[in-house]
Amino acid sequence: MAEVMRSETLNISNNTSSLASPELLHVLAVDDSIVDRKFIERLLRVSSCKVTVVDSATRALQYLGLDGDNNSVGFEDLKINLIMTDYSMPGMTGYELLKKIKESSAFKEIPVVIMSSENILPRIDRCLEEGAEDFLLKPVKLSDVKRLRDSLLKAEERVFKNIMHKRELEANDIYSQLKRTKI
Amino acid sequence: MQRQVALIKQSLFDQGYLDEQFVELEELQDDANPNFVEEVSTLYFKDSARLINSIDQALKRGSFDFNRLDSYMHQFKGSSTSIGASKVKTECTMFREYCRVGNAEG
């Protein structure tokens, strides 16, 4: 019976966090401007994030495996915690990318942040209505990135605590059952 | 030598060529990444040269496709904003305004 308890406690440490690695957010950044890509990559690295940068929405979808190539192999291991995308891009816009992500069952929970150099209220509203986590005006500041990161980490912490609490209750339940049967 | 560089830099700020965004860039540089500002600036100059060339070609064609010109300007303005090239940004805005009203002379 002691064996059973031990394997239960071991399971608690698996899959309690969707973070790419302890405390490291993995961010996918999408922007067609090479200057902005360099800039956002640096901002994110300085904020202790793991970064993947792509130059178009199409490439972002390819990376996520959502480009219709039925590439479901490997995206189980792909842990993206945040997607930051430019709004105005040739081909597919950031808004269209946002919609595609929110339509996908695999990635709709991932927060998507839109960046734009233009402060157009109807545009902002539309993005937020479609489920964007936030809308940042360019040039993006270090303080914006830090704020995002902190709120995401807090959310992850809450999820983690909930899971731990649940496991604790389950463990207590098993323990009381064992006591009752007087092992 | 260092003092001279500092003076030149200060005058760029004073004359409105650079704004506080450039300071943000400088703050992203550190001992582990000592060339960040240089790298970004190099990319900016390359990209700007490309855009200016495209705009030049478009103007030479003489047909004044304002939408296309506006699109180039939007990109140019975007990267200038990110790097803190404030005067360039202002000129881009003016250019785009001319495009908007179809002013080929401007």
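Residues numbered from 1 in each chain as written. Chains lettered and ligands numbered in written order. Predicted model: local features only at pLDDT ≥ 70, side-chain atom pairs only at ≥ 80, totals over all residues. Heavy atoms only, no water.

Going by an unreviewed UniProt entry, chain B carries the name Histidine-containing phosphotransfer protein and comes from Eruca vesicaria subsp. sativa.

Going by an unreviewed UniProt entry, chain A carries the name Response regulatory domain-containing protein and comes from Eruca vesicaria subsp. sativa. The Sequence similarities (unreviewed entry) field of the UniProt record for chain A holds the comment "Belongs to the ARR family. Type-A subfamily." UniProt's Subcellular location (unreviewed entry) comment on chain A is quoted here verbatim: "Nucleus". (UniProt positions renumbered as here; feature names shortened; annotations may be inferred.)

Quick look at the interface of chain B and chain A now. Counting residues at the interface gives 18 residues for chain B, matched by 15 residues for chain A. Carbon and sulfur atoms supply 65% of the area that chain B and chain A bury against each other, a total of about 1,600 Å² over both sides. Where chain B meets chain A, there are three salt bridges. The salt bridge partner of Glu39(B) is Lys38(A), with a shortest N-O separation of 2.7 Å. The tally of links between chain B and chain A comes to four residue pairs in polar contact (both at pLDDT 80 or more). At the level of elements, helix H2 (20-27), helix H3 (36-60) and helix H4 (66-83) of chain B are the ones that each hand at least two residues to the side of chain B that touches chain A. For the side of chain B that touches chain A, the leading source of residues is H3(B), giving six residues. Residues that form the side of chain B that touches chain A fall into these classes: six nonpolar, seven polar and five charged. (Contact = heavy atoms within 4.5 Å. Buried area = accessible area lost by both parts, 1.4 Å probe. Salt bridge = Lys/Arg side-chain N within 4 Å of Asp/Glu carboxyl O. Polar contact = N/O pair within 3.5 Å; in protein donor to acceptor, adjacent residues only side chain to side chain. Helix = DSSP H or I, 4+ residues; strand = E, 2+ residues; numbered from the N terminus. Nonpolar A, V, L, I, M, F, W, Y, C, P; charged D, E, K, R; others polar.)

Residues and elements named next belong to chain A. Taking 1.5 Å of rise per residue, the 13 residues of helix H2 (residues 34-46) would be expected to cover 18 Å, and the 18 Å separating its terminal C-alpha atoms lies within 8% of that figure. Along H2, the residues classified as buried are Val-35, Asp-36, Arg-37, Phe-39, Ile-40, Arg-42, Leu-43 and Leu-44. After H2 finishes, the residue Ser-48 shows a positive phi value of roughly 60°. (Expected span 1.5 Å × (residues − 1). Buried < 20%, exposed > 50% of the residue type's maximum accessible area, 1.4 Å probe, protein only.)

Counted under the stated rule, the structure contains three aromatic pairs over all chains. Members of the aromatic cluster, connected to one another through ring pairs, are Tyr44(B), Phe45(B) and Phe76(B). The ring of Tyr95(A) carries the charged tip of Arg126(A) above its face, separated from the ring centre by 4.7 Å. A cation sits over an aromatic face here: Lys87(B) above Tyr17(B), 4.4 Å from the ring centre. (Phe/Tyr/Trp six-rings, centres within 6.5 Å; stacked < 30°, edge-to-face > 60°. Lys NZ or Arg CZ within 6 Å of the ring centre and 35° of its normal.)

Moving on, we come to the pairing of strand E4 (residues 112-116) of chain A. Residues and elements named next belong to chain A. Counting buried positions along E4 gives five out of five residues, so the element sits mostly inside the fold. Neither face of E4 is exposed, since Val-112, Ile-114 and Ser-116 on one face and Val-113 and Met-115 on the opposite face are all buried. Across four bridges, strand E3 (residues 82-86) lies against E4 in parallel orientation. Of the residues in E4, the one forming a bridge with Thr-85 is Ile-114. (Pairing = 2+ DSSP bridges.)

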